[in-house]
Amino acid sequence: MMTLSRRRTLPLLAASAAPGGALQAAAPTRVQLLLNTSYSGPVAFFLLAQQRGYIREAGLDLVLSQGSGAAAIVPQVAEGGYHAGYGDMCSLIELIASGKPDTGPVAIYTTFNVTPLTIAVDAAGPIRAPKDFEGGRITGHAQDAALLMFDLLASATGVDLSKVERATSFSGLGGQVADMLNRSAQGVFGFVNTIIASITPMGIDPARLRFINFSDYVPDMYGNTLFVTRDVYRNRAAQLAKLVRAVNLGLADTVASPDAAIDALVKTSPGADRAVNRTRLVGTLKSEMSHPEGARIGIGDMDDARLARLIDRIVRVKKLPRSPRVDEVFDRSFLPPDAERIRTLATR
């Protein structure tokens, strides 16, 4: 995907003067947002928010672009080609901690209060815990968030990284899983629901897999978050609150009716498999957005103490140059009022 220049993508669309000096209605403010993946079930709530007019009512023109991975899109947004992104919180922390204070992107609405990162293994095989990977091989895409954050899992479980081969692959997830089941590797990095969606069309029964989930060993990890560049954060606060509210409305409608969200997806991407994407969406709602924390503070918010521990762990394990403040990483001031926050996912 071609990276767009800051000059082309970041200017605000202001109100224009009509002949005679009368002011026309302000044109919508364009927001270019890079998703973590292609149009699919787990991001359908963005599409539903668009199609139900919540984005337009907020005075925004939201332009969604399909991304190549939750970790991969973080630096793409930070480079200035987009106003906002929807990607991996841990990768965002790593980027912020690698730069100068108060210059990196800022998270404003975190949907995944459970990390989706996992390693799929053969359910009939010997791998039952991270330590069992020593002496083995795990495959994944070069920018897969689980591959990039494997050192956090290893540090928490005493795995010797020098004894685990992490091999990058250009094959699709389904192909990697098929190869793994044929003993070419001991595991495959990815997201649980993405892996299941990838193998289903190939006729591979998900019951053949066991998942080594990062959340079981590093519970402080968060997953996907909506974040914005520092320039947008500084200059467009009022519009960001409107954006978050609109996206939150789309997510609330998705929780109420997953089928409505899939309708929005199919309208945007007619070739999308309805059944597969509905399974992915419902799986995401019931897993990545189902931490008890959501019942307490609402989907979108994060617990400061938990986030601080996560920042410290990432900085320590990855030997980063500094430890950013919690409020440098996440600003909750754009969140909707407490009464409008979604809590039902955590109580199902």
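Our structure is the block above this text.
Just so you know, these numbers come straight off a predicted model, no measurement behind them.

So, the overall build of the protein
And step 1. The helix and strand inventory of the protein stands at 16 helices and 10 strands.
And step 2. Taken over the C-alpha trace, the protein has a radius of gyration of 20 Å; the compact-globule value for 348 residues is 20 Å, and the two agree within 12%.
And step 3. Viewed in the frame of its principal axes, the protein has a C-alpha envelope of about 75 × 45 × 40 Å.
And step 4. Looking at the protein residue by residue over its 348 residues, the buried ones come to 55%.
And step 5. Put simply, 79% of the contacts in the protein that link residues at least 6 apart link residues at least 24 apart.
And step 6. Looking at the protein as shown, the accessible area adds up to about 14500 Å², and 52% of this sits on carbon and sulfur atoms.
And step 7. The centroid of the 38 positive side-chain charges in the protein is displaced by 2 Å from the centroid of its 33 negative side-chain charges.

Topic: the nonpolar core
A general feature of soluble globular proteins is that nonpolar side chains tend to end up buried together.
And step 1. Ranked by size, the top nonpolar core spans 96 residues in total, and within it I119 and F150 carry the most contacts.
And step 2. Broken down by element, the residue count for this core peaks at 7 residues, all from helix α11 (residues 237-256).
And step 3. With sequence-adjacent residues up to four places away left out, I119 is seen in contact with F133, I138, F150, L153, G187, V188, F189, R210, F211, I212 and F214.
And step 4. Ranked by size, the runner-up nonpolar core spans 10 residues in total, among them L173, M180, V188 and I199.

Focus: the pattern of salt bridges
And step 1. What the rule picks out here adds up to 20 salt bridges.
And step 2. Notably, a salt bridge pairs D263 with R274, separated by 2.8 Å at the nearest N-O pair. Taken together, the residues D263 in helix α12 (residues 258-268) and R274 in helix α13 (residues 274-286) connect sequence positions 11 residues apart.
And step 3. Its relative accessible area of 41% is what places D263 among the partly exposed residues.
And step 4. Residue classification places R274 among the partly exposed residues on the basis of a relative accessible area of 41%.
And step 5. Here R332 makes a salt bridge to D304, at a shortest N to O gap of 2.9 Å. With R332 in the segment after α16 (326-329) and D304 in helix α15 (residues 304-318), this pair connects stretches of sequence that are 28 residues apart.
And step 6. Of the residues examined, R332 reaches a relative accessible area of 32% and is grouped as partly exposed.
And step 7. One continuous salt-bridge network, built from bridges that share partners, spans D301, D304, R332 and R341.

Describing the packing of aromatic side chains
And step 1. Taken as a whole and judged by the stated rule, the model has 6 aromatic pairs.
And step 2. For the pair F46 and Y86, a centre-to-centre distance of 5.0 Å together with 70° between the ring planes defines the contact as edge-to-face. Of this pair, F46 sits in helix α2 (residues 44-51) while Y86 sits in strand β3 (residues 84-88), and the two are 40 residues apart along the sequence. The residues F46 and Y86 share a single accessibility class, namely buried.
And step 3. Three or more aromatic residues joined by ring pairs make a cluster, and in this case those are F45, F46, Y86 and F112.
And step 4. Across the ring face of Y222, the terminal group of R306 is positioned such that the distance to the ring centre comes to 3.8 Å.

Description of the packing of helix α5 (residues 89-97) against α15
And step 1. Following both chains from N to C, one finds α5 and α15 inclined at 65°, their axes separated by 10 Å at the closest point. Between α5 and α15 lies a crossing of right-handed hand. Here M89, C90, I93, E94 and A97 of α5 come into contact with α15, specifically with L307, L310, I311, I314, V315 and K318.
And step 2. A breakdown of the residues in the contact of α5 with α15 according to their chemical character gives 9 nonpolar, no polar and 2 charged.

Focus: the sheet that holds strand β7 (residues 165-168)
What links the strands of a sheet is backbone hydrogen bonding, and the strands pair in either a parallel or an antiparallel sense.
And step 1. Sheet architecture is open: 5 strands sit in the order β7-β6-β8-β5-β9, paired in mixed fashion. Only two strands of the sheet have a single partner each, and these edge strands are β7 and β9 (209-213). Direction aside, the axes of adjacent strands within the sheet are offset by 35° on average.
And step 2. Across 5 bridges, strand β5 (residues 117-122) lies against β9 in antiparallel orientation. Looking at β9, one finds that I119 is bridged to I212.
And step 3. Across the sheet, helix α9 (residues 192-199) is in contact with β5, β8 (187-191) and β9; its angle to β8 comes to roughly 110°.

So, how was this worked out
Residues numbered from 1 in each chain as written. Predicted model: local features only at pLDDT ≥ 70, side-chain atom pairs only at ≥ 80, totals over all residues. Heavy atoms only, no water. Helix = DSSP H or I, 4+ residues; strand = E, 2+ residues; numbered from the N terminus. Rg over C-alpha atoms; globule rule 2.2 N^0.38 Å. Buried < 20%, exposed > 50% of the residue type's maximum accessible area, 1.4 Å probe, protein only. Contact = heavy atoms within 4.5 Å. Areas by Shrake-Rupley, 256 points an atom, 1.4 Å probe, with all protein chains shown as cover. Lys, Arg positive; Asp, Glu negative; His and termini not counted. Charge placed at Lys NZ, Arg CZ, Asp CG, Glu CD. Core = buried A, V, L, I, M, F, W, Y, C linked by side-chain atoms within 4.5 Å. Salt bridge = Lys/Arg side-chain N within 4 Å of Asp/Glu carboxyl O. Phe/Tyr/Trp six-rings, centres within 6.5 Å; stacked < 30°, edge-to-face > 60°. Lys NZ or Arg CZ within 6 Å of the ring centre and 35° of its normal. Axes fitted to C-alpha atoms, helices over the stretch in contact; angles between N-to-C directions. Left-handed = near helix turned anticlockwise from the far one by under 90°. Nonpolar A, V, L, I, M, F, W, Y, C, P; charged D, E, K, R; others polar. Pairing = 2+ DSSP bridges.

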